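# Per-entry structural report
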Amino acid sequence: MIVFASTLLFWTLSSKIKAFIERFYCIAEEDSEPKYGRYENYPVKDAALLMTSADNFFWTYEQAVSYYK
């Protein structure tokens, strides 16, 4: 399992954690049957994202989570 942790800055993850997550592109493999025009296939791993913020509104975390869907 991979666990990511970040503070929320302006309703999104910090740039350092974004850069770290985007470096996982190097483990992508060529997909012989691409969906939606994408030609990369990522291995399936369990992951968790821990976030903290100064707000307690229900929508505070929605933008950060939707960034990586």
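The structure we're discussing is the one just above.
About the thresholds
Residues numbered from 1 in each chain as written. Predicted model: local features only at pLDDT ≥ 70, side-chain atom pairs only at ≥ 80, totals over all residues. Heavy atoms only, no water. Patch = residues over 30% accessible without salt bridge, like charges linked within 9 Å, V, L, I, M, F, W, Y side chains within 5 Å. Areas by Shrake-Rupley, 256 points an atom, 1.4 Å probe, with all protein chains shown as cover. Salt bridge = Lys/Arg side-chain N within 4 Å of Asp/Glu carboxyl O. Helix = DSSP H or I, 4+ residues; strand = E, 2+ residues; numbered from the N terminus. Buried < 20%, exposed > 50% of the residue type's maximum accessible area, 1.4 Å probe, protein only. Pairing = 2+ DSSP bridges. Contact = heavy atoms within 4.5 Å. Phe/Tyr/Trp six-rings, centres within 6.5 Å; stacked < 30°, edge-to-face > 60°.

Let's shift gears to a nonpolar patch on the surface. Together, Leu9, Phe10, Trp11, Phe57, Phe58 and Trp59 line one region of the surface with nonpolar side chains, adding up to about 770 Å² of accessible area. Looking at the element boundaries, Phe58 is found in the loop between β5 (47–52) and α2 (62–66). A relative accessible area of 70% means that Phe58 is categorised as exposed.

What holds strands together in a sheet is hydrogen bonding between their backbones, with the strands either parallel or antiparallel. Within the open sheet, the 3 strands sit side by side as β2-β1-β5. Their pairing is mixed. Of all strands in the sheet, those with a lone pairing partner are β2 (12–13) and β5, marking the two edges. Bridge count for strand β1 (residues 2–9) against β2 is 2 bridges, and the pairing is antiparallel. Looking across to β2, one finds that Leu9 is bridged to Thr12.

Once that is clear, we can look at the side chain of Ser14. Tracing the backbone shows Ser14 in the loop between β2 and α1 (15–22). Apart from residues no more than four positions distant in its own chain, Ser14 is found in contact with Ser6, Thr7 and Leu9.

A full pass over the atoms with the stated rule returns 1 aromatic pair. Plain terms: the ring middles of Phe4 and Phe20 are 6.2 Å apart, the flat faces sit at 65° to each other, and that makes the pair edge-to-face. In this pair, Phe4 sits in strand β1 while Phe20 sits in helix α1, placing the two residues 16 residues apart along the sequence. Taking the relative accessible area as the measure of exposure, Phe4 reaches 12% and is therefore buried. Residue classification places Phe20 among the partly exposed residues on the basis of a relative accessible area of 46%.

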